[in-house]
Amino acid sequence: MLQPLGLDELAYVVYRFTLSQPGCRLEDLLHHLDGDENAIRVSVDRLLELALLRPVSGTLVPTRPPLALRTLLQRQQSELLRQEREFTQIKTAVDRLSEEYEYAQAPGSHAGWDRLETPAAIHARMERLAGKATVECLSLLPADIPVDTLDARRSMDHHMLERSVSVWNLHLESIYNDRSAVSYARWLVSNGGGVGTVPTLPLWLVIYDRTTALLSVDPCDPAAGAVEVTGAGFLTGLVALFERIWASMTPLDVDAAASGDEPSPVEREVLRLMGQGLTDEAVCKKLGIGLRTLRRTIAELMERLGARSRFEAGANAVDRGWLRPCPCSSDRPPRPRDKAQPAETEHGQSVKTSVFV
């Protein structure tokens, strides 16, 4: 029972004997206890060292364990905390060395891009880039973020903000369904960062100082990893993407309800995604909302549009100017043209198709 304190069973027996025989002497212990004499003396010395026994006029008086051991427990707790800090520092150093090695060995790094296969590699690269950032960090965060990842981002953001680096994050409007994510976003705003929400985001993206960016390899599969890109050609387009989305965002905790009969940003995005022929499940995934919420939103839109079907709702939305269909904005891959049906009329004008395919 007392092994963690460096006491064996014999020491426990010695202590119990002194409890039953207050004021006993060492000779009494040697006479009444079975065991090697030297072992008994060692146990007594250890109990005296731990202040579980106190010498009084040649006798051994037991002391109250909680009081005697408090200092010892505090020392052990301090040692455990020191070892934990040391382990964390060693782990961080090993992770950074590993990341630096991968970065130096990556064949794509000299061509303006470098693929990162694992979450650990992505996190290590983010730490390195955040530590080197001097101006700003821009992020698109379309997915639910695990709590441990949020804690890691908060630490990196804190260090950047301390160095007067601007931090700007864009989340899905569904962030309000995630307490941890909302807490992180509000913390960032309270510490001088910028946070906005939009109905959908095209991919995960983080841009450092407009010179280096990390983005998802496959927006539909977070497990596919990420890629680091550099070079003015890449970054100009990615920064323009971020700025274009930021221009349409709603600041965190600001009510984005529609005014009058106009659709809210989420409702307008529902119409756009439905117009591209996406299933309800696919729309839910892009918006980060539940199926019941989506279908309730669609039902409310159809009622306001005076439509009896989704097809009619799409047509009415176009007529009201709520929706401006654009073939280049489709989230679906282009379909091959049907050779049996001409793409143009005999007068050379394009065939008009419905926004709801």
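Our structure's up above, just so we're on the same page.
Residues numbered from 1 in each chain as written. Predicted model: local features only at pLDDT ≥ 70, side-chain atom pairs only at ≥ 80, totals over all residues. Heavy atoms only, no water.

### Looking at the overall build of the protein
Link 1 in the chain: Tallying secondary structure elements over the protein gives twelve helices and ten strands in all.
Link 2 in the chain: For the protein, the residues scored as buried account for 38% of the 357 residues in total.
Link 3 in the chain: Long-range pairs, those at least 24 residues apart, make up 65% of the contacts in the protein with a sequence separation of at least 6.
Link 4 in the chain: When the accessible surface of the protein is totalled, it reaches about 21,600 Å², and 54% of it is carbon and sulfur. (Helix = DSSP H or I, 4+ residues; strand = E, 2+ residues; numbered from the N terminus. Buried < 20%, exposed > 50% of the residue type's maximum accessible area, 1.4 Å probe, protein only. Contact = heavy atoms within 4.5 Å. Areas by Shrake-Rupley, 256 points an atom, 1.4 Å probe, with all protein chains shown as cover.)

### Considerations on the pattern of salt bridges
Link 1 in the chain: Tallied over the entire structure, the rule returns 13 salt bridges.
Link 2 in the chain: With a closest N to O distance of 3.5 Å, Arg115 and Glu117 form a salt bridge.
Link 3 in the chain: Between Glu243 and Arg210 there is a salt bridge, with its nearest N and O atoms 3.0 Å apart. In this pair, Glu243 is assigned in helix 8 (residues 232-246) and Arg210 in the loop between strand 7 (205-208) and strand 8 (212-216), connecting sequence segments 33 residues apart.
Link 4 in the chain: Residue classification places Glu243 among the partly exposed positions, given a relative accessible area of 40%.
Link 5 in the chain: Looking at Arg210, the relative accessible area reads 40%, which means it is partly exposed.
Link 6 in the chain: Counted as one network, the salt bridges with shared partners bring together Glu79, Arg82 and Glu86. (Salt bridge = Lys/Arg side-chain N within 4 Å of Asp/Glu carboxyl O.)

### Some words on the side chain of Thr59
Link 1 in the chain: Secondary-structure assignment places Thr59 in strand 2 (residues 59-62).
Link 2 in the chain: Note on Thr59: relative accessible area 14%, which makes it buried.
Link 3 in the chain: A distance of 2.5 Å separates a polar atom in the side chain of Thr59 from the backbone oxygen of Val56.
Link 4 in the chain: Setting aside chain neighbours within four positions, we find Thr59 in contact with Gly23, Cys24, Arg25 and Arg54. (Polar contact = N/O pair within 3.5 Å; in protein donor to acceptor, adjacent residues only side chain to side chain.)

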